[in-house]
Amino acid sequence: MTMDQLLYMVSFIAKCLLPVFGVVLLVYLILFVKELIVTLKEVTKTMSTVEEQVRKLDDPLNTVQDISHSVDEMHAGAKKACKNVVDTTKDSITTIKSFVNDNKDNWKQAIEEKGNELKSKFNRDKD
């Protein structure tokens, strides 16, 4: 067998097998497309189920959001009230401090008088 005959025989076999390989490839391509279509249908069903479940969650999420806003408002109110209490207490302490400092001499005298009264009462009770 010569080289020309060998090449001719290989060419002839390739020409015969090429359509067979093409048909096999076409069958596999059809099967692949079929599986792709089935998968896309399942994905569509899954997506619709997910969308339905998400819609069911809308109302509870809105409720949670409303509660969150209410808690934020309560926090702001409590913070404001605490600040007002602290400011009022600070002002009251400042006022009392000024009053005590202004009347310091009178306080000393009143304390001494009460102390003397208690001493004399204690000494009377002893006797």
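Residues numbered from 1 in each chain as written. Predicted model: local features only at pLDDT ≥ 70, side-chain atom pairs only at ≥ 80, totals over all residues. Heavy atoms only, no water.

## Points about the overall build of the chain
Then comes step 1: Looking only at helices and strands, the chain has 2 helices and 0 strands in total.
Then comes step 2: Relative to its length of 127 residues, the chain is extended, with a C-alpha radius of gyration of 50 Å against a globular reference of 14 Å.
Then comes step 3: Taken across its 127 residues, the chain has 0% of its residues classed as buried.
Then comes step 4: On the chain, roughly 12,200 Å² of surface is accessible, and the fraction owed to carbon and sulfur atoms is 66%.
Then comes step 5: Here the chain carries 18 positive and 19 negative side-chain charges, and the mean point of each set is 4 Å from the other. (Helix = DSSP H or I, 4+ residues; strand = E, 2+ residues; numbered from the N terminus. Rg over C-alpha atoms; globule rule 2.2 N^0.38 Å. Buried < 20%, exposed > 50% of the residue type's maximum accessible area, 1.4 Å probe, protein only. Areas by Shrake-Rupley, 256 points an atom, 1.4 Å probe, with all protein chains shown as cover. Lys, Arg positive; Asp, Glu negative; His and termini not counted. Charge placed at Lys NZ, Arg CZ, Asp CG, Glu CD.)

## Quick look at the pattern of salt bridges
Then comes step 1: A full pass over the atoms with the stated rule returns 2 salt bridges.
Then comes step 2: Between E51 and R55 there is a salt bridge, with its nearest N and O atoms 2.6 Å apart. Of this pair, E51 and R55 are both found in helix 1 (residues 3-102), 4 residues apart, which corresponds to roughly one turn of the helix.
Then comes step 3: In this structure E51 comes out as partly exposed when scored by relative accessible area, which is 41%.
Then comes step 4: The exposure class of R55 is exposed, given its relative accessible area of 56%.
Then comes step 5: Note that K83 and D87 form a salt bridge whose closest N and O atoms lie 3.9 Å from each other. Pair noted here: K83 and D87 are both in helix 1, with a separation of 4 residues, about one helical turn. (Salt bridge = Lys/Arg side-chain N within 4 Å of Asp/Glu carboxyl O.)

## Digging into the environment of L57
Then comes step 1: Counting through the fold element by element, L57 comes out in helix 1.
Then comes step 2: Between the C-alpha atoms of L57 and N84, which are 27 residues apart in sequence, the distance is 40 Å.

## What about helix 1?
Then comes step 1: The end-to-end C-alpha distance of helix 1, which contains 100 residues, comes to just 129 Å, noticeably less than the 148 Å that a straight helix rising 1.5 Å per residue would cover.
Then comes step 2: Where helix 1 bends most, at D58, the angle is about 30°, and the proline P60 comes one to four residues later. (Expected span 1.5 Å × (residues − 1). Bend = angle between axes of the 7 residues up to and from the residue.)

## What to know about the environment of V20
Then comes step 1: The topology assignment puts V20 in helix 1.
Then comes step 2: Exposure remark for V20: the relative accessible area of 46% places this residue in the partly exposed category.
Then comes step 3: Taking the C-alpha atoms as reference, V20 lies 18 Å from F32; in sequence the two are 12 residues apart.

## Thoughts on the environment of S48
Then comes step 1: Its location among the elements puts S48 in helix 1.
Then comes step 2: Classification of S48 as partly exposed rests on a relative accessible area of 40%.

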